[in-house]
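In case you want the letters, here they are:
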Amino acid sequence: MRMSRITGAALAVLFLFPLAWSAWASVRTPSGFGLENYSRLFTADNGIRFEHVVNSVVVSGLTVGGTLFVATLGGYAFGRFQFPGKNALFLLTLAILMVPYATILIALYVLLGWLGLQDSLIGLSLVLIMFQLPFSIFMMRNAFEAIPAELEESALIDGCGSLAVLTRVLLHAVRPGLITVALFAFLTSWGEFFAPLILLNSTGKFTMMLAVVNMRTATFGAIDYPALEAGVTVMAIPCLLLFLILQRSYVRGFMSGALRS
């Protein structure tokens, strides 16, 4: 037990050190310490604008909502029903994890053009949802399978249909799994860089991540490291707060879902 605590503490320091370094560097100025770097981050011509914050919130919200909706229905179907080709379809869904998403982004860019969703936040959100579904469906399937069958059977005896059983009974039981899926979807979409870089063309539709990277050069091509560190810190704050608030449910959901055989 003592060794596991020491190992956990060492890993925590290892992973938190870069964030602490960024936070310290973001308030360091030539004259001491202050918020000059944050001021430059939000007031520079190529810095973060309110629209970039809104874009990030919209993309993250759509990704989380869409992932929860599809993963819940998919996990419920795979976990509680029997139908022809169930195992093959589930394996095919998981097989998406074996495909490096960077290799199909150009094809997805062309597909979004055919659908009229090129250079749109909705199109970007759909792509991010697709990449989240294999893990999320796997999580939700295991979460539903962990629920005793008697709970569902008693609801069916009381006259509930399959949809009513899901919405009135099972969703409450799989709440930790839902929170885990939502947290993963948010962290991925909030910090995603490559997909927005390929799929978004208009500066006004940039997410915060693209805006931070876009301001990495200043006068004569010099890298503005302090402003970049401020941007990294601003981007990390929502992720840290959400994780701290939801950590208990996240651990429960991960243990009962992802690690269940």
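The structure this text deals with has already been given above.
So, here's what we can say about the structure. (Residues numbered from 1 in each chain as written. Predicted model: local features only at pLDDT ≥ 70, side-chain atom pairs only at ≥ 80, totals over all residues. Heavy atoms only, no water.)

With 17 residues, helix α9 (residues 175–191) should cover 24 Å at 1.5 Å per step; its first-to-last C-alpha distance of 24 Å lies within 8% of that length. A large share of α9 lies buried, amounting to twelve of its 17 residues. Those residues of α9 that sit buried are Pro176, Gly177, Leu178, Ile179, Thr180, Val181, Ala182, Leu183, Ala185, Phe186, Ser189 and Trp190. (Helix = DSSP H or I, 4+ residues; strand = E, 2+ residues; numbered from the N terminus. Expected span 1.5 Å × (residues − 1). Buried < 20%, exposed > 50% of the residue type's maximum accessible area, 1.4 Å probe, protein only.)

The next thing to look at is the packing of helix α3 (residues 50–80) against helix α8 (residues 162–173). Where α3 contacts α8, the two axes come as close as 12 Å, and the packing angle between them is 105°. It follows that α3 is roughly perpendicular to α8 by the angle criterion. When α3 is examined against α8, the residues Thr72, Leu73 and Tyr76 are found in contact with a partner set consisting of Ser162, Val165, Leu166, Leu170 and Leu171. Of the residues assigned to the contact of α3 with α8, the class counts are six nonpolar, two polar and no charged. (Axes fitted to C-alpha atoms, helices over the stretch in contact; angles between N-to-C directions. Parallel < 35°, antiparallel > 145°, perpendicular 65-115°, else oblique. Contact = heavy atoms within 4.5 Å. Nonpolar A, V, L, I, M, F, W, Y, C, P; charged D, E, K, R; others polar.)

On to the layout of surface pockets. Estimated volume of the largest pocket: approximately 580 Å³. Lining the largest pocket are 18 residues, with Leu16, Leu19, Ala236, Cys239 and Leu240 sitting closest to its centre. Those elements giving two or more residues to the lining of the largest pocket turn out to be α1 (2–26), α9, α11 (208–214) and α12 (225–258). In terms of residue count, α12 provides more of the lining of the largest pocket than any other element does, nine residues in total. What the second largest pocket holds in volume is close to 210 Å³. In terms of lining residues, the second largest pocket is bounded by Ile96, Leu97, Val99, Tyr101, Leu128, Phe131, Gln132, Pro134, Phe135, Phe184, Thr188 and Glu192. Where the lining of the second largest pocket is concerned, the elements lending two or more residues are α6 (121–145) and α9. It is α6 that provides the largest number of residues to the lining of the second largest pocket, a total of five residues. Taken together, the residues of the lining of the second largest pocket break down into nine nonpolar, two polar and one charged. (1 Å grid on protein atoms, 1.4 Å probe; cavity = no way out; pocket = protein on both sides within 12 Å on 5 of 7 lines; lining within 4 Å. Points joined across faces, edges and corners; volume = space filled by probe spheres on them.)

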